[in-house]
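Structure assessment
For reference, the chains in residue letters:
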Amino acid sequence: METRKEKRRLHFSVKVMIGLLLGIIAGIAFQWKPDIANTYIKPFGNLYLNAIKMLIVPLVFSSIVMGACGLGDVKKFGRIGLKTMAVYMVTTFFAAAIGVILANLANIGHGLELATGQAVEVSEAPNIIDTIINIIPGNPIKAMADGNMLQIIAFALFIGAGIVMVGKKAQPVMDFFDGFADIMYKITDVIMKFTPYAVFALICPTIASNGMDVLLPLLSFVLVVWFGFLIHLIFVYFTGIKVLVKMGPMKFIKAAWEAIVVSFTTCSSSATLPVTMECGRKLGISLPVRSFTLPLGATVNMDGGAIYQGITAVFVANLFGIHLTISQQIMIVATAVLASVGTAGVAGASIIMLGTVLSSVGLPLEGIAIVAGVDKLIDMPRTSINIIGDLMCSAFVARTEGELDMEAAEAEQGDGDGQL
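Before going into details, it helps to say that this report is about the structure given with it. Quick caveat, the model's predicted, so the values are computed rather than measured.

Here helix H11 (residues 219–243) crosses helix H15 (residues 303–319) at 140 degrees, and the two axes come no closer than 10 Å. On the basis of the axis angle, H11 is oblique to H15. The interaxial crossing formed by H11 with H15 has right-handed handedness. Where H11 approaches H15, its residues Phe-221, Val-224, Val-225, Gly-228, Phe-229, His-232 and Tyr-237 are matched on the opposing element by Asp-303, Gly-304, Ile-307, Tyr-308, Ile-311, Thr-312 and Phe-315. A class-by-class count of the residues in the contact of H11 with H15 yields 9 nonpolar, 4 polar and 1 charged.

Here's what the structure looks like:
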């Protein structure tokens, strides 16, 4: 009897998809009165996001400390760190290049009228030298309070390395972090059960507030960006999954589906991190490796953003009638790659990244205001692309280290809800 009951239970990802579809339908229904959706439905989504944000710092910190300890060798996690960063930088380069090339082929931006009188203020993005210097926190407690993920990751790595080097004497500290990480995983598991309802509450007001009136004037821009995401997914990620991870792309996407859906609605790699960690487990990635690579990816991997930067730069140039030389377009690609790391952990990273890229070739920052209206429609798939990249990189690193359990991944394909 229990077995039949279990079979009748909906898979978690199916529940999330139902929430997404119902949210879209409700959003369309509330387009005549979006205030209702924003006032009475959106707060439930915000409550969920607040719960997720509550988890991010302690979860990332304890996960990375235990990830470093689990690797058991300072040289090993140094090697894994270099592999991870190398993969992220290479895929981000391809992403930015795809964006620039696709925008040129589509000749995007010609024939659209400029929105005039819109000024935009962009915070100055940190340069790469400042970013490197600021990775080491002067005050780790302040870094945690501010949510500065790069500094938190750096401090966690130092703690993990210290525990490994001290050895047996530091075992009580390791046991503390091990127990604390398990507590965070359990709390996360409880909060994740509310994801289908949160997805409904987040997508409904988005659709209600950003209907076709916003989409239609910039439809060509949105479609080109989405097409860029699709090209990157097929030619970069699917190739990487097949060649580097040695796994079928569809099997990989199936295991990662929950994280893809949640990232689509939250538009935040950090907020999706607990679900991404669970999907990493389903893919057979060992706990030490996924605890190390996935939080790092949520902070520095912005392939979706790099595609967006490349397309938007060419789009803005065409809108203002500015001709971009080959050297300028190469500069756009290079800046987008560096900005993907340089703006990590900074609030409003997508706007800062875009401002940095436009400024690098002298394009007017007013272009940001023109695309701001449809940014939400782009931000959803953009974040999902980032999440797929995080998991692909993590799986590749795990395979090269002999810590990718393909049999466990096979077994998970038929299971329902899992544990972190």
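Next up on the list: the nonpolar core. In this structure, Tyr-48, Phe-221, Phe-252, Ile-311 and Leu-391 are the most contacted members of the largest nonpolar core, which totals 103 residues. Among the elements that make up this core, the one with the highest residue count is helix H3 (residues 34–71) (14 residues).

Now for H15. Taking 1.5 Å of rise per residue, the 17 residues of H15 would be expected to cover 24 Å, and the 24 Å separating its terminal C-alpha atoms lies within 8% of that figure. For H15, the tally of buried residues reaches 17 of 17 residues, placing the bulk of the element in the interior. Downstream of H15 by one or two residues, Gly-321 has phi in the positive range, about 70 degrees.

Considering all chains together, one arrives at 7 aromatic pairs under this definition. Note on Phe-61 and Phe-155: the rings are 5.7 Å apart at their centroids and 25 degrees apart in plane angle, and the pair reads as stacked. Taken together, the residues Phe-61 in helix H3 and Phe-155 in helix H7 (residues 149–166) connect sequence positions 94 residues apart. On the accessibility criterion, Phe-155 (25% relative accessible area) is partly exposed. Taken together, a centroid distance of 6.0 Å and an interplanar angle of 15 degrees make the contact between Phe-176 and Phe-180 stacked. Of this pair, Phe-176 and Phe-180 both sit in helix H8 (residues 171–192), 4 residues apart, roughly one helical turn. On the basis of relative accessibility, which here comes to 28%, the residue Phe-180 falls in the partly exposed class. Over the aromatic face of Tyr-308 sits the side chain of Arg-382, whose NZ or CZ is 4.5 Å from the ring centroid.

Rules and cut-offs
- Residues numbered from 1 in each chain as written.
- Predicted model: local features only at pLDDT ≥ 70, side-chain atom pairs only at ≥ 80, totals over all residues.
- Heavy atoms only, no water.
- Axes fitted to C-alpha atoms, helices over the stretch in contact; angles between N-to-C directions.
- Helix = DSSP H or I, 4+ residues; strand = E, 2+ residues; numbered from the N terminus.
- Parallel < 35°, antiparallel > 145°, perpendicular 65-115°, else oblique.
- Left-handed = near helix turned anticlockwise from the far one by under 90°.
- Contact = heavy atoms within 4.5 Å.
- Nonpolar A, V, L, I, M, F, W, Y, C, P; charged D, E, K, R; others polar.
- Core = buried A, V, L, I, M, F, W, Y, C linked by side-chain atoms within 4.5 Å.
- Buried < 20%, exposed > 50% of the residue type's maximum accessible area, 1.4 Å probe, protein only.
- Expected span 1.5 Å × (residues − 1).
- Phe/Tyr/Trp six-rings, centres within 6.5 Å; stacked < 30°, edge-to-face > 60°.
- Lys NZ or Arg CZ within 6 Å of the ring centre and 35° of its normal.

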